[in-house]
2 protein chains.
Amino acid sequence: PLTHQECLALLASSSIGHLAVQVGHYPQVFTVNYRLDGQVIVFRSNAGTKLQAADHANVAFHVDHVDPVTRTGWSVLVQGMAEDVTNHRADPNRDRAEALDIAPWVADGRSHLVRVIPAHITGRRIGPGAAAFWTLDAGSYL
Amino acid sequence: PLTHQECLALLASSSIGHLAVQVGHYPQVFTVNYRLDGQVIVFRSNAGTKLQAADHANVAFHVDHVDPVTRTGWSVLVQGMAEDVTNHRADPNRDRAEALDIAPWVADGRSHLVRVIPAHITGRRIGPGAAAFWTLDAGSYL
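Below you will find a few notes about this structure. (Residues numbered from 1 in each chain as written. Chains lettered and ligands numbered in written order. Predicted model: local features only at pLDDT ≥ 70, side-chain atom pairs only at ≥ 80, totals over all residues. Heavy atoms only, no water.)

## Points about the side chain of Thr 86 of chain B
Residue and element names in this part refer to chain B. Its location among the elements puts Thr 86 in the loop between strand 5 (72-84) and helix 3 (92-99). Judged by its relative accessible area of 15%, Thr 86 is buried. At a separation of 2.4 Å, a polar atom in the side chain of Thr 86 contacts the side chain of Asp 84. The contacts of Thr 86, once residues within four sequence positions are left out, are Arg 94, Ser 111, His 112 and Leu 113. (Helix = DSSP H or I, 4+ residues; strand = E, 2+ residues; numbered from the N terminus. Buried < 20%, exposed > 50% of the residue type's maximum accessible area, 1.4 Å probe, protein only. Polar contact = N/O pair within 3.5 Å; in protein donor to acceptor, adjacent residues only side chain to side chain. Contact = heavy atoms within 4.5 Å.)

So, in structure tokens, the structure goes:
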């Protein structure tokens, strides 16, 4: 398992993650590009299924990196509540989310800003004898 | 959106995916290495949280590939039922899962074999004007 600080450093080192949310009888997973506002995940969404399912729902946000050759890597999981802050007025959380200037990757504009407020952050290394292979320096990821 | 055949071809082109399953109030996501038995996802697991949560549960299995430089890629989602077939006797499904010879990446053996039997398979391209950028030839992924 990774420490809280290691998890945050790894979250900060990446920009692509997976949003998981239960929709009806099944989990749904969406690939999104994100940025961090402190420990909060922020991503853009259009007004579709993803947003409808996630707004005010308990979600998971998963980020990993795996090297299939060496079979080593890491995986960090944020569990928390997602909130669409797009139309919030006089909300500094919304202002900071907007200021992150997250680029929409698709042409539909992705005009909604969603924050995932973490309740639990956990992570682990992947691979054989992973602990011995890693000398993780948080500074090198920030 | 991708066609069913394109989704299967992309699933076959990769070996690392994300298992999502609802555990209590939150989705959980695990990074696993997998292989396909036809349209069925097969992966190894040890006897921990992942297996307990997934066995006979409705799960999602997500595989994606994203190039952060070109901001293009794809994402395929399999929704279905997960089943631990390790101790099945005289079950050809179990025999085929075993014959896939999936390498455990960790030292604990990962002695359980889990199949995800798909109910829905969907996928989409990621990126601006994605449709125009892609001339997907299924053969090149198989």
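## What about the packing of aromatic side chains?
Inspection of every chain in the model, using the stated rule, returns four aromatic pairs over all chains. Pairing Tyr 34 of chain A with Phe 61 of chain A gives two aromatic rings, centres 5.1 Å apart and planes at 75°, and the pair type is edge-to-face. In this pair, Tyr 34 of chain A is assigned in strand 2 (residues 26-37) and Phe 61 of chain A in strand 4 (residues 58-67), connecting sequence segments 27 residues apart. According to the relative accessible area criterion, Phe 61 of chain A is buried, its value standing at 0%. With a centroid separation of 6.3 Å and 15° between ring planes, the pair formed by Phe 43 of chain B and Phe 61 of chain B is classed as stacked. Of the two residues, Phe 43 of chain B sits in strand 3 (residues 40-45) while Phe 61 of chain B sits in strand 4 (residues 58-67), which places them 18 residues apart along the sequence. With respect to burial, Phe 43 of chain B and Phe 61 of chain B carry one shared label: buried. (Phe/Tyr/Trp six-rings, centres within 6.5 Å; stacked < 30°, edge-to-face > 60°.)

## Some points on the nonpolar core
By size, the foremost hydrophobic cluster in this structure holds 27 residues, and its most contacted members are Leu 11, Ile 41, Phe 43 and Phe 61 of chain B. Among the secondary structure elements, those contributing two or more residues to this core are helix 1 (4-13), strand 1 (16-23), strand 2 (26-37), strand 3, helix 2 (49-54), strand 4, strand 5 and strand 6 (112-126) of chain B. Counting residues in each nonpolar core, the second largest holds 26 residues, with Cys 7, Leu 19, Phe 43 and Ala 57 of chain A among its members. (Core = buried A, V, L, I, M, F, W, Y, C linked by side-chain atoms within 4.5 Å.)

## Here's the deal with the pairing of strand 3 (residues 40-45) of chain A
All names here are of chain A. Most of strand 3 is tucked away: six of the six residues are buried. Of the two faces of strand 3, the one carrying Val 40, Val 42 and Arg 44 and the one carrying Ile 41, Phe 43 and Ser 45 are both buried. By the bridge criterion, four bridges tie strand 2 to strand 3 in an arrangement that is antiparallel. Across the sheet, Asp 37 pairs through a bridge with Val 40, a residue of strand 3. (Pairing = 2+ DSSP bridges.)

## Notes on the relation of the copies chain A and chain B
Of the two same-sequence chains, chain A is brought onto chain B (RMSD 0.0 Å, axial shift 0.0 Å) by a rotation of 180°. Expressed as a symmetry operation, the mapping of one chain copy onto the other fits a two-fold axis. Of all interface residues in chain A, 100% are interface residues in chain B too; the two copies therefore contact each other through one and the same surface. (Least-squares fit on C-alpha atoms with pLDDT ≥ 70 in both.)

## What about the sheet that holds strand 6 (residues 112-126) of chain A?
All names here are of chain A. Pairing is antiparallel around the closed barrel formed by six strands, whose spatial order is 1-2-3-6-5-4. Put simply, the sheet's adjacent strands are angled 40° from each other on average, direction ignored. Here five bridges tie strand 3 to strand 6, and the two strands are oriented antiparallel to one another. Directly across from Arg 44, in strand 6, lies its bridge partner Leu 113. The strands touched by helix 3 (residues 92-99) are strand 2, strand 3 and strand 6; relative to strand 6, the strand with the most contacts, the crossing angle is about 75°. (Axes fitted to C-alpha atoms, helices over the stretch in contact; angles between N-to-C directions.)

## Focus: the interface of chain A and chain B
Facing the 32 residues of chain A at the interface are 32 residues of chain B. Buried area between chain A and chain B, both sides added, is near 3000 Å², and the carbon and sulfur share of it is 61%. Linking chain A to chain B there are zero salt bridges. Taken together, chain A and chain B are joined by ten residue pairs in polar contact (both at pLDDT 80 or more). Listing elements by their share of the side of chain A that touches chain B, those giving two or more residues are strand 1 (16-23), strand 2, strand 4, strand 5 (72-84) and strand 6 of chain A. Top element by residues in the side of chain A that touches chain B is strand 4 of chain A. It accounts for six residues. (Buried area = accessible area lost by both parts, 1.4 Å probe. Salt bridge = Lys/Arg side-chain N within 4 Å of Asp/Glu carboxyl O.)

## Topic: the pattern of salt bridges
Following the criterion strictly, the structure yields twelve salt bridges over all chains and no others. Here Asp 37 of chain A and Arg 96 of chain A are joined by a salt bridge, their closest N and O atoms 2.9 Å apart. Residue Asp 37 of chain A is found in strand 2, and its partner Arg 96 of chain A is found in helix 3; the two are separated by 59 residues along the sequence. The salt bridge involving Glu 6 of chain B is made with Arg 125 of chain B; its shortest N-O contact spans 3.0 Å. Here Glu 6 of chain B, found in helix 1, pairs with Arg 125 of chain B, found in strand 6; they are 119 residues apart in sequence, far enough to count as distant. Accessibility assignment for this pair places Glu 6 of chain B and Arg 125 of chain B in one class, buried. Through salt bridges with shared partners, a single ionic network connects Arg 44, Arg 94, Asp 95 and Glu 98 of chain A.

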